[in-house]
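So you can see what is in the structure, the chains are spelled out below.
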Amino acid sequence: MLANEEIIRELYRTAEVKDIEGFVALFAENGYFWDVSADAKYYGEDIGKTVEIYASAFHDMHRELGNFYVTENVVIVELTLNGTQTGPLALPAGTIPPTGKEMHAPCCDVFHLKDGKVTSFHCYTAATTILGQLGVLGNLAASFQQS
């Protein structure tokens, strides 16, 4: 069985190469992904939507991994989310059309694992940093496309 840090490194690798099926397969049957800044929880196959959302909005999406903190069944990772917004960014509040701007945003991910699978993934992105770098923070309401 892979060590918990190796499992999480594999999870990031699958996200980098946009392997949605491989990403979801690393989660336990009742596992979930919580995008804290978007206040959205994903279960089952929907867990892959998180990778799809960022992949479609940022064609060059890259997660620069920093420090790993590992205890028995918890892995915490400090990282940055990097990319150029060339596609629509779908958020619960609406969709931000492509801005052509880059983001380099800090993020902290907290994982709980059991028997080699992720039972929970709490993603704490610096949403205000992302929105500021995309140039939409000053006028959020005007930045979202109406559905």
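Located above this text is the structure these notes cover.
Before going into details, it helps to say that this report is about the structure given with it. (Residues numbered from 1 in each chain as written. Predicted model: local features only at pLDDT ≥ 70, side-chain atom pairs only at ≥ 80, totals over all residues. Heavy atoms only, no water.)

From N to C terminus, the protein includes five helices and eight strands. Seen in sequence order, the protein has helices and strands lined up from the N terminus as α-α-β-β-α-β-β-β-β-β-β-α-α. In terms of overall size, the protein behaves like a compact globule, its C-alpha atoms giving a radius of gyration of 15 Å where 147 residues would be expected to give roughly 15 Å. Dimensions of the protein, computed from C-alpha atoms along their principal axes, come out at roughly 50 × 30 × 25 Å. Residues classed as buried in the protein amount to 44% of the 147 residues present. The long-range share in the protein, meaning contacts at least 24 apart out of those at least 6 apart in sequence, stands at 56%. With an accessible surface of roughly 7600 Å², the protein has 53% of that area assigned to carbon and sulfur atoms. Each charge class in the protein was averaged separately, 9 positive and 19 negative side chains, and the resulting centres sit 2 Å apart. (Helix = DSSP H or I, 4+ residues; strand = E, 2+ residues; numbered from the N terminus. Rg over C-alpha atoms; globule rule 2.2 N^0.38 Å. Buried < 20%, exposed > 50% of the residue type's maximum accessible area, 1.4 Å probe, protein only. Contact = heavy atoms within 4.5 Å. Areas by Shrake-Rupley, 256 points an atom, 1.4 Å probe, with all protein chains shown as cover. Lys, Arg positive; Asp, Glu negative; His and termini not counted. Charge placed at Lys NZ, Arg CZ, Asp CG, Glu CD.)

With that settled, consider the pairing of strand S7 (residues 102-114). For strand S4 (residues 74-84) and S7, the ladder comprises eleven bridges, and the chain directions are antiparallel. Bridged to Asn82 within S7 is His104. Alignment of S7 against strand S8 (residues 117-125), held across eight bridges, turns out to be antiparallel. Each residue of the ladder has a partner; that of Leu113, found in S8, is Val118. (Pairing = 2+ DSSP bridges.)

The pairing of strand S1 (residues 27-35) with S8 spans five bridges and is parallel. For Phe33, the partnering residue across the bridge sits in S8 and is Phe121. Connecting S7 to the next strand, S8, in antiparallel fashion are two residues, including Asp115 with a positive phi near 55 degrees.

Any two aromatic rings considered together are summarised by their centre-to-centre distance and by the angle between their planes. The final tally for this structure, using the stated rule, is seven aromatic pairs. Pairing Tyr32 with Tyr43 gives two aromatic rings, centres 5.6 Å apart and planes at 45 degrees, and the pair type is tilted. With a gap of eleven residues between them, Tyr32 in strand S1 and Tyr43 in strand S2 (residues 40-43) connect regions that are remote in the sequence. With relative accessibility at 17%, the residue Tyr32 sits in the buried group. Among the aromatic residues, those joined into a ring-pair cluster are Tyr12, Phe33, Tyr42, Phe111 and Phe121. For Arg9, the ring lying beneath its charged end belongs to Phe68, and the centroid distance is 3.9 Å. It is Lys41 that lies over the ring of Trp34; its NZ or CZ is 5.2 Å from the centre. (Phe/Tyr/Trp six-rings, centres within 6.5 Å; stacked < 30°, edge-to-face > 60°. Lys NZ or Arg CZ within 6 Å of the ring centre and 35° of its normal.)

To continue, consider helix H1 (residues 4-16). Along its 13 residues, H1 runs 19 Å from first to last C-alpha, staying within 8% of the 18 Å computed at 1.5 Å per residue. Buried residues of H1: Asn4, Ile7, Ile8, Leu11, Tyr12, Thr14 and Ala15, and no others. End-on, the buried residues of H1 take up no more than an arc of 160 degrees, which puts them together on one face. Once H1 finishes, Lys18 follows within two positions and takes phi at roughly 60 degrees, a positive value. (Expected span 1.5 Å × (residues − 1). Arc of directions from axis to C-beta.)

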